[in-house]
Amino acid sequence: MPTLSFADAKKRVAEQLRTAVGADDFDVTSAKLEEMQGIWRFDVEYKKPKAMFSDTAFLILDAITGEVKEFRKGM
């Protein structure tokens, strides 16, 4: 089965951040496709609307379905 492209995985990250913390603005600080494990790993920095400071999060996505396997805020 084909894995999600970086662009598609990033869209899933955006959806998750919007849902989990209400953030629309984010930067990917690190991303890695681990094909043997079938996952995407993302480190992101985001800023909530009207927040003075940015925060970070770590996400693991299933590389085929895009399902969030792990989400950690403030990593």
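Look a little higher up for the structure.
Residues numbered from 1 in each chain as written. Predicted model: local features only at pLDDT ≥ 70, side-chain atom pairs only at ≥ 80, totals over all residues. Heavy atoms only, no water.

1. Here's the deal with the nonpolar core
In this structure, V13, L17, F26, W40, F42, V44 and Y46 are the most contacted members of the largest nonpolar core, which totals 16 residues. With five residues, helix 1 (residues 6–21) is the largest single contributor of residues to this core. (Core = buried A, V, L, I, M, F, W, Y, C linked by side-chain atoms within 4.5 Å. Buried < 20%, exposed > 50% of the residue type's maximum accessible area, 1.4 Å probe, protein only. Helix = DSSP H or I, 4+ residues; strand = E, 2+ residues; numbered from the N terminus.)

2. Observations concerning the packing of aromatic side chains
On inspection of all chains with the given rule, the structure shows three aromatic pairs. An aromatic cluster is built from F6, W40 and F42, whose rings are joined through pairwise contacts. (Phe/Tyr/Trp six-rings, centres within 6.5 Å; stacked < 30°, edge-to-face > 60°.)

3. Things to note about the sheet that holds strand 4 (residues 68–73)
The strands that make up a sheet are held in pairs by hydrogen bonds between backbone atoms, and each pair lies either parallel or antiparallel. Ordered by their spatial adjacency, four strands build an open sheet running 1-2-3-4, and the pairing between neighbours is antiparallel. Each of the sheet's edge strands pairs with one partner strand only, and the pair in question is strand 1 (25–34) and strand 4. Neighbour-to-neighbour, the strand axes of the sheet open up by a mean angle of 15°, direction not taken into account. Judged from the five bridges that link them, strand 3 (residues 55–62) and strand 4 form a sheet pairing that is antiparallel. Counted as the bridge partner of F58 is R72 from strand 4. Across the face of the sheet, helix 1 comes into contact with strand 1, strand 2 (39–47), strand 3 and strand 4 while running at roughly 50° to strand 2. (Pairing = 2+ DSSP bridges. Axes fitted to C-alpha atoms, helices over the stretch in contact; angles between N-to-C directions. Contact = heavy atoms within 4.5 Å.)

4. Focus: the pairing of strand 2
The sheet contact formed by strand 1 and strand 2 spans nine bridges and is antiparallel. Paired with F26 across the strands is Y46, a residue of strand 2. From the end of strand 1 to the start of strand 2, which pair antiparallel, there are four residues, and G38 there has a positive phi angle of about 70°. As judged from the eight bridges shared by strand 2 and strand 3, these two strands associate in the antiparallel manner. Residue pairing in the sheet places E45 in a bridge with T56 of strand 3.

5. Brief notes about helix 1
Over its 16 residues, helix 1 runs 22 Å from end to end, which matches the ideal 22 Å to within 8%, given 1.5 Å per residue. Of all the positions in helix 1, only A9, V13, A14, L17 and V21 are classed as buried. All buried residues of helix 1 lie within an arc of 150° about the axis, which places them on one face of the element. The exposed set on the far side of helix 1, more than 90 degrees from its buried face, consists of K11 and T19. After helix 1 finishes, the residue G22 shows a positive phi value of roughly 75°. (Expected span 1.5 Å × (residues − 1). Arc of directions from axis to C-beta.)

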